[in-house]
Amino acid sequence: MSNRKPRPTQTGRVTLSEIAARVGTSAITVSRVLNTPHLVSEELRTQIESVIAELGYMPNRAARALARARSDSVAVLIPSLSNTVFTQLLEGVRDVLNRAGYRTLIGDTRYSPEEEESLLRAYLEHSPDGILITGFDQTAATRELLNRSRVPVVHMMELTDSNAYSVGLEQFDAGRAITRHLLERGYRRIGFLGAQLDPRVMERLAGYRAALHDAGVNYPVGELLDPTPSSIGLGATLLDRLLQQAPQTDALFCCNDDLALGVLFECQRRGIRVPQQLAVAGFNDLAPAAWVHPALTTIATPRYEIGHTAANMLLQLMKGEKPEPAKKDLGFSLVVREST
């Protein structure tokens, strides 16, 4: 092994040539150790790996991506990293992409189309091989960026009539299904609590309205929509507002389980019996829904499966294959429990 010390480059980054000079071999051999180690003898590989560790060599991914015409990375844009719905979606994505050797560039858009656009511009600078993006509520500029980039894209959680690739569920149908359940139980003054008011919530609201209309029921006074981010505390607050606005309400469809749990806790605090005085239904079937008292009726959504399926679809696109069908509806299920 040579004792010559490597000279720092202008960027301060240690290069393959410098490692090779230290060992007394070629840069090509060092590259093989990093990419195809089985092609290098164990003794030489051990020497090179020792120098790599000593010098703190970090691969230049940008140069590597340019040489290979791929970056081995996928950009994943989700609305929230604190919302269980999207963390479970992300688990499904990671299980597929990590196994396939891809890194994930995860962006939290905070439910903001403008933040999503900003993150996409930043991630496109890293030349991702594919993009997973939540829903279809993009700015015109974001849509143009996606079109110009020619990077394969799969949309998650929502479905569309366009030719875009998407994996999700029909939010409208799910909202209609749980409202029909309440109607079948005999409730007629059915309210709706909505928070965040993203496109998925608004589709559930549309399904709720359609079910009421089909049953010849009209209860607009029972709708309470708040753009504030959803939380259990907000559910309790919205129930207080609703009981002032529509005290005759006999059932509530909450746009997600967080709000519904807040409603249940506030009902307990006030001594309101559920479901005898007020039926309560949620959406998503988060883990606490089955364990509160009374257990919460809700819609179960396949978050992990959506992420897993969307990532597999993206892998097909990145290989130049054409997934069929382009739109994959993974459905939902109505979980009836004690609260209705």
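That block above? That's the structure.
These numbers were taken from a predicted model, which means no experiment stands behind them. (Residues numbered from 1 in each chain as written. Predicted model: local features only at pLDDT ≥ 70, side-chain atom pairs only at ≥ 80, totals over all residues. Heavy atoms only, no water.)

## Points about the sheet that holds strand E6 (residues 190-195)
As summarised here, the arrangement of the 4 strands in space is E7-E6-E8-E9, forming an open sheet in which the pairing is parallel. Each end of this open sheet is capped by a strand with a single partner; those strands are strand E7 (223-226) and strand E9 (279-281). Ignoring which end each strand starts from, the neighbouring axes of this sheet average 15 degrees apart. With 3 bridges connecting them, strand E8 (residues 251-254) and E9 associate as parallel partners. Within E9, the position partnered with Phe253 by the bridge is Ala281. Running over the sheet, helix H8 (residues 171-184) touches E6, E8 and E9 and is turned about 165 degrees from E8. Here helix H10 (residues 232-245) sits on the sheet in contact with E6, E7 and E8, set at roughly 140 degrees to E7. (Pairing = 2+ DSSP bridges. Helix = DSSP H or I, 4+ residues; strand = E, 2+ residues; numbered from the N terminus. Axes fitted to C-alpha atoms, helices over the stretch in contact; angles between N-to-C directions. Contact = heavy atoms within 4.5 Å.)

## Description of the packing of aromatic side chains
As enumerated under the stated definition, the model contains 4 aromatic pairs in all. Ring geometry for Phe192 and Phe253: centres 5.2 Å apart, planes at 85 degrees, overall edge-to-face. Of this pair, Phe192 sits in strand E6 while Phe253 sits in strand E8, and the two are 61 residues apart along the sequence. Per residue, the accessibility class of Phe192 equals that of Phe253, and both read buried. Three or more aromatic residues joined by ring pairs form one cluster here, namely Phe192, Tyr208, Phe253 and Phe283. Lying over the aromatic face of Phe283, Arg204 brings its terminal NZ or CZ to 3.9 Å of the ring centre. (Phe/Tyr/Trp six-rings, centres within 6.5 Å; stacked < 30°, edge-to-face > 60°. Buried < 20%, exposed > 50% of the residue type's maximum accessible area, 1.4 Å probe, protein only. Lys NZ or Arg CZ within 6 Å of the ring centre and 35° of its normal.)

These values are about where atoms sit, not about what they do.
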